[in-house]
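Summary of structural features
What follows is each chain in one-letter form.
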Amino acid sequence: MLNRRNRRGGFLRAFRRSRVIAAMTLLATMGSAAVQAEAAPPQNPNWQSYVLGPATAQVPPADVETRGSVTNPNTLVTGQGGATTLTTAAGGAPASVLLDFGKNVAGTPYVDVTARTGSPTLSLATAEARQYIRTPASTTVSAAAASSATQVTLASTANLEVGNTITFGTGTTAQARTITAFDTSTRRVTITPALTRSLITQTRAVSAPGVPSSDESRGLAGVGGIDTLRPTGTGRISGSYHGGFRFVLVTLTSPGSVSLSAAGVTFQGVRATAADYKGWFISSDDQLNKMWYSGAYTLQLNLKPAGLNGLADKRIYDGAKRDRSIWTGDLLVQGPTAISTLGDEGAGYVKSSLNVLLAAQRSDGAIPGSPDFSKGGNPAGSPLFYSNNYSGYGARAAIDYYRYTGDRNYITSVLSDLRAELAYNDRFLTSNRLVASNDRDYWQASQSGEVTKYSIDYYILLKEMAWLERQVGSASNATANDAKAESIKQAVNTRLWSTQLGAYGQSSAKPNVLVEDANALALQYGIVPAERRSSVLNALKTLWTPYGAIMGPGLVDPTGHTIEPFGNGMETAGRFAVGDATGAFDLMRRTWGPMVDKNDPLYTGAFWEFKNSNGGVNRATASLAHGWAASPTVQLTEQVLGVTPVNPGYATWSIKPHTGSLEWAQGSVPTSFGDIGVQWQSDSSAFTLHAQTPTSTSGMVAVPATAQATVTVNGRTVCTAGSCNAYQGTVTDGYAQLTVPGGTYDITVSRS
């Protein structure tokens, strides 16, 4: 329904034709020098090289490191050479290989055994971040030890491993030694060389690098943990399913040896290659291109295929590793990402996830924040009714599905459920037309008073429901929803604006505390009056760090969520909405730039759940492939390429690029009517756009233009001196806006 693969070649051919048309038009209006100065997009854009999905279902490691006695380790990477042999001597350091797949993968790790001695036991531990593949010991000395001692009694022997370094004390008096043995019953560790200084009780003792560990939260995800393998012969032996990991640590924990001809992962999930992409994007900026495809890959890692983990249906989980649950807030980002990148395949995952979500709706209309949370004892999980605004997110995710797919039968079948949810949210509206609930939000704490963000969330839901009612429901309901939304908008502006901040405060209880999300959404959804926009933009910038914007002083989260890509995505969307493309790109680079840098130690090819104040993460279970962080993919398609749906399934659409300092961008968006293809290029003297749209649709094309510009469409001049003579054209707010039927358009803006 949502893709027309055979249109892709025609779209690219049309791009090439458009350059000729654009060049001829510019030549006529500006002279040949201007044409030669244009920064032209490539004729055959190699967007496929950015795709991150593994080429094959059997994924080999990209690199390997060793510890202990290991021979021929590179065989596991190259597939050539002698067998990789791990040997562990009794009382010696366990032999291990650390497999690095270069990016996150999902599935079952395996090793191919060719020989063994003794009765070897292998442990397989997985992690997204290398820093969490081992857990060091951290304890204290429990009995004084004299200088020259080779044994020390500790408070705990947890996480000790023979061959590890153990350091007693700190600073200039610290003594680093190698562990040669330890006794768990007496808690006595044997070291070499002997101590050169005596140790008193309570002296700190830490080890490195520690013992193999998993960064998974099995109780939430229902999968994961360390696998124990006991090969009894030759051949392949596999571990259990793991949802998201970059590293596998294979350790021979028992005396003996084991020889391996190969090791890798059997990929289980949506392994989308370039041929599977129904939409794509590429621009003159390599970093932004990487962001688009990292967001798409994040989404793919979050997809649970039908039948996996004992569940018959398809689901979109929030994280590849954790929580592995459907979350309504994440769906607001994941739904459009799935559909705009994978077309029908993605739409099927969205619809199936919505079905799971709505099946858990309460009789009072509340939709759970997650319908399948905490899978420790049940792979289907259980509903978690998280908060009123997360309940509203669920309804909005269903409306988004309809907006992007045009699936009228589905949306009419759940319309009564969405109306019930709207009524549930309405109970939190105060007499001041603001929302007070003392509920949680995505950063996991309650907010008291009449909360600005919760009020704006409800405003958005009312506007979305008004749109939906006009499409498939009741016009009178739509009018009532719009009226209520406008009353909330007025109340937010009169009661929650802080002259001290020059922005909206967190709540009536904290009127002068700045928060990112509420102010960002106020910009995105047109709540901020024009005369206040620059003030809000400037206030938001005070929250910026080199690693992205913090949530704000009113949203301090003790679990380490200092910088939220979910909230930062709200801000980039808000900045695009009011024409601050420069600010949006700047914040994108700060927040997501490190995530697409292969040299970053936390690189997974996917986007992270959160960052701490130093730009990293502060705990092993932090998700490094998290769906709510994928907003760059949607925004680069909708705000930079410029294509958004207006009526269901793109029956009507808008094409309005925000160019910033980019020289060009091009791409394709799948719709139920056929692909929408766009290419634009920009320099100081001209802007050209080629659009190929389905003939059975219509829409608005807006191109950057001032009153002094000349705008031509398919060789015909339609706008000069701020006045247009065709396509119901207007020139306003820096754009020439043209209403056109579906078809092919070559538009040139002369800026001289």
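Structure first, text after, so check above.
Reading the values: rules and limits
- Residues numbered from 1 in each chain as written.
- Predicted model: local features only at pLDDT ≥ 70, side-chain atom pairs only at ≥ 80, totals over all residues.
- Heavy atoms only, no water.
- Helix = DSSP H or I, 4+ residues; strand = E, 2+ residues; numbered from the N terminus.
- Buried < 20%, exposed > 50% of the residue type's maximum accessible area, 1.4 Å probe, protein only.
- Core = buried A, V, L, I, M, F, W, Y, C linked by side-chain atoms within 4.5 Å.
- Contact = heavy atoms within 4.5 Å.
- Salt bridge = Lys/Arg side-chain N within 4 Å of Asp/Glu carboxyl O.
- Pairing = 2+ DSSP bridges.
- Axes fitted to C-alpha atoms, helices over the stretch in contact; angles between N-to-C directions.

Take unusual backbone geometry next. With an omega dihedral of 0°, the bond running from Ala-208 to Pro-209 counts as a cis peptide bond. With an omega dihedral of 5°, the bond running from Arg-322 to Asp-323 counts as a cis peptide bond. Here Asp-323 lies in the loop between β21 (315-316) and α6 (328-342). Residue Asn-309 is not a glycine yet carries a positive backbone phi of 60°. Along the chain, Asn-309 falls in the loop between β20 (303-304) and β21. Exposure remark for Asn-309: the relative accessible area of 24% places this residue in the partly exposed category.

Turning next to the nonpolar core. Ranked by size, the top nonpolar core spans 152 residues in total, and within it Leu-468 and Leu-689 carry the most contacts. Per-element tally for this core: the top contributor is helix α10 (residues 452-472), with 11 residues. Other than its neighbours up to four places away in sequence, Leu-468 contacts Ile-399, Tyr-402, Ile-411, Leu-415, Leu-418 and Gly-473. Grouped together as the second largest cluster of nonpolar side chains are 37 residues, Leu-124, Val-265, Leu-301 and Tyr-603 included.

Quick look at the pattern of salt bridges now. Throughout the structure, instances matching the rule amount to 28 salt bridges. Glu-161 serves as the salt-bridge partner of Arg-134, at 3.2 Å between the closest nitrogen and oxygen. Of this pair, Arg-134 sits in strand β7 (residues 134-135) while Glu-161 is found in the loop between β9 (151-153) and β10 (165-168), placing the two residues 27 residues apart along the sequence. On the basis of relative accessibility, which here comes to 11%, the residue Arg-134 falls in the buried class. A residue is classified by how much of its surface remains accessible, and Glu-161, at 7% relative accessible area, is buried. For the salt bridge of Lys-484 with Asp-426, the shortest nitrogen-to-oxygen distance reads 2.8 Å. Remark: Asp-426 occurs in helix α9 (residues 408-426) and Lys-484 occurs in helix α11 (residues 475-495); sequence separation between them is 58 residues.

This part takes up the sheet that holds strand β19 (residues 280-283). Spatial ordering of the open sheet is given by β19-β30-β31-β32-β39-β34-β35-β36, a layout of 8 strands whose pairing is antiparallel. Strands with a single pairing partner mark the edges of an open sheet, and in this sheet they are β19 and β36 (723-724). Two elements, strand β32 (residues 686-692) and strand β39 (residues 744-750), share 7 bridges in a ladder whose sense is antiparallel. Of the residues in β39, the one forming a bridge with Gln-692 is Thr-744. Sheet contacts for helix α16 (residues 631-641): β19, β30 (664-669) and β31 (676-682); angle to β30, the most-contacted strand, approximately 115°.

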